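Each chain is listed here by its residues.
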Amino acid sequence: MRITMIGSGYVGLVSGACFADFGHAVCCVDKDAGKIDALHAGRMPIYEPGLDQLVASNVAAGRLTFTTDLASGVAGADAVFIAVGTPSRRGDGHADLSYVYAATEEIARAATGPLVVVTKSTVPVGTGDRVEQILRDTRPDIEFAVVSNPEFLREGAAIGDFKRPDRIVIGTDDERAREVMREIYRPLYLGESPILFTGRRTSELTKYAANAFLATKITFINEIANLCEAVGADVKDVARGIGLDNRIGRKFLHAGPGYGGSCFPKDTLALLKTAEDFDTPVHVVEAVVKVNDVRKRAMGRKVVAALGADPRGRTVAVLGLTFKPNTDDMRDAPSIAIVQSLIDAGVTVKAYDPEGMDAAKGVMPASLVYCGDPYEAADGADAVAIVTEWDAFRALDLARLKRTMKAPVLVDLRNIYERQDAERAGFSYTAIGR
Ligand code: UDX
């Protein structure tokens, strides 16, 4: 199959490289010439484990190409995937679909024959209808079929998620498009990943429902963690105790500082907007959004509280800035609210993150001090706060850490240490829900 990917960001690049690895001929398009130049030079515009090797081997095999010229990419393609951003629109929380519609118009103008157009970007219900309308209005001479095919990739594990998905969801009523999609994903469903054919609106909503459910699961366990702290219970054991029930499941029950990232915050908000538009409230998701927002700031206060008396003039070392490990992504990271509330309380904040410090510089308060490793960050600090559970923080030399600190206080917002180990090393230890 000849596949064109419009948008070579996180989703487009990972999906494009994986499709090429299946043996398809893939052309990744992006308007950003800097990004395409970097890809031609073998440099990845994002950090994702394994992506550089995957791209290199498929470029070498001649199956993966990059261009800024959308028209040349679209000409002769069997399927064109739209994988451009759908950020929250400033002011109202609706998904901003301007990039999707602009790409649609360009695809229509460039089409040379019957074409399957697939929205991979996360788009609100009904977007496929509008995409189809634009295609038909722009090029009444060409036969288009529009498909919804949401991605369920986790950053940091995206290649594995793409190649071994729990399921593939394909939303279309068009039989020919279904065949094209079946052919594109053949290597996966032959590998026994279930492929689910649905209507287009159902597929669009499935993506939002999945993310909202996962965000709800996390928020639920975070509130149970608060309750655990109040009543003297252990949230890790509660999570295990409920998670072993197959109906609940063990995943996404890790209590922490609140969810962040490029998907959950934006998609939960967009779902609320859709619900509002259709006059059908989803109160559970409304509560999730509110609780998660409040939680991020509360985590800052938790660190301040661990400092004891007056926080002013004290120093806190923040370990981990990205919204989760194995990514350099800072979008909606809980660390942003945490660092801000520490600074508001008069605390000097030093930080270390293995991959996220460059991105952090664009979003963090200017007074944040960046350090070269955890021990440098902890040097002279009154507390260390673990905000992101990078593997590099799981086996810190606590004795060495303590020697460099002014006061041995450890606030573990990801529960990656055991209280007895931290206390044995001489730390005053604060966890989440334990
Ligand atoms: C998510 C979805 O998992 C993916 O299917 C979708 O396509 C895009 O959004 P991602 O944003 O990469 O992927 O991150 P994910 O691993 O899901 O974590 C999201 C946030 O939830 C992170 O801030 C993470 O720290 C937090 N989280 C996750 C918890 O606090 N506890 C958990 O148990 C799991």
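Each residue is numbered by its place in its chain's sequence as written, counting from 1. Given that the model is predicted, a residue must reach a pLDDT of at least 70 before its local features are reported, and side-chain atom pairs must reach 80 or more before they are shown or counted; all residues, however, enter totals for whole chains, interfaces and linings.

Chemist: Explain the site of the ligand here, please?
Modeler: Contact assignment follows one rule, namely that a residue is near a molecule or strand if its backbone-placed C-beta atom lies within 6 Å of it. Taken together, 20 residues surround the ligand, and among them Glu155, His254, Tyr259, Gly261 and Cys263 come closest. Domain start and stop positions are those given by an automatic or database domain assignment. Split by domain, the residues of the shell around the ligand number at least three in each of domain 1 (2-198) and domain 2 (199-434).

Chemist: Explain the UniProt feature "domain: UDP-glucose/GDP-mannose dehydrogenase C-terminal" (unreviewed entry) in the protein chain here, please?
Modeler: The sites that UniProt annotates as "domain: UDP-glucose/GDP-mannose dehydrogenase C-terminal" (unreviewed entry) are residues 317-419. The helix and strand labels rest on DSSP assignments: H or I over at least four residues marks a helix, E over at least two residues marks a strand, and numbering proceeds from the N terminus. Counting secondary structure, residues 317-419 comes out at 30% helix and 17% strand; the distance between its end C-alpha atoms is 19 Å. UniProt positions are given in the numbering used here, feature names are shortened, and annotations may be inferred rather than shown by experiment.

Chemist: Is there a simple way to explain the domain arrangement of the protein chain in this structure?
Modeler: By a frequent convention, interface size equals the accessible area lost on bringing the separate parts together. Looking at the assigned domains, one finds that the protein chain contains domain 1 (2-198) and domain 2 (199-434). The C-alpha-based centres of domain 1 and domain 2 are spaced at 32 Å. Each side of the interface is counted separately: domain 1 has 25 residues, and domain 2 has 25 residues. When residues of the side of domain 1 that touches domain 2 are assigned to their parent elements, the largest contribution, three residues, is made by strand E7 (residues 168-171). Whether two residues are in contact depends on their C-beta atoms, placed from the backbone: they are in contact if these lie within 7 Å.

Chemist: Whenever I open this one, the pairing of strand E3 (residues 64-67) confuses me. Can you help?
Modeler: Two faces, one strand: in a regular strand the side chains alternate between the faces of the sheet. In E3, alternate side chains face the same way, and those of Leu64 and Phe66 are buried while those of Thr65 and Thr67 on the opposite face are not. Following DSSP output, two strands are said to pair if at least two bridges run between them. For strand E2 (residues 25-29) and E3, the ladder comprises four bridges, and the chain directions are parallel. Looking at E3, one finds that Val26 is bridged to Leu64. Counting other C-beta atoms within 10 Å of a residue's C-beta gives its exposure: the residue is buried at 20 or more, exposed at 12 or fewer, and partly exposed in between, where C-beta atoms are placed from the backbone.

Chemist: Looking at this model, I keep getting lost on the sheet that holds strand E14 (residues 428-430). Mind explaining?
Modeler: Pairing between sheet strands relies on hydrogen bonds along the backbone, with the strands arranged either parallel or antiparallel. Read from one edge to the other, the open sheet built from six strands follows the order E11-E10-E9-E12-E13-E14, with strand pairing classed as parallel. In this open sheet, the two strands that pair with only one neighbour each are strand E11 (369-370) and E14. By the bridge criterion, three bridges tie strand E12 (residues 383-386) to strand E13 (residues 409-412) in an arrangement that is parallel. From the neighbouring strand, Val384 faces E13, where its bridge partner is Leu410. Taken strand by strand, helix H13 (residues 283-306) contacts strand E9 (315-319), E12, E13 and E14, and its axis lies near 160° from that of E13. To obtain each axis, a line is fitted to C-alpha atoms, and for helices this fit is confined to the stretch in contact; angles are then taken between N-to-C directions over 0 to 180 degrees.

Chemist: For this particular structure, what's the right way to read the pairing of strand E4 (residues 79-82)?
Modeler: Of the two faces of E4, the one lined by Ala79 and Phe81 and the one lined by Val80 and Ile82 are each fully buried. Where strand E1 (residues 2-6) and E4 come together, four bridges link them in parallel fashion. Residue pairing across strands places Met5 opposite Phe81, the latter belonging to E4. Running through helix H5 (residues 98-110), the crossover from E4 to the neighbouring parallel element strand E5 (residues 115-119) is right-handed. For crossovers, right-handed means that the path from the first strand over the helix to the second runs clockwise, given strands pointing away from the viewer.

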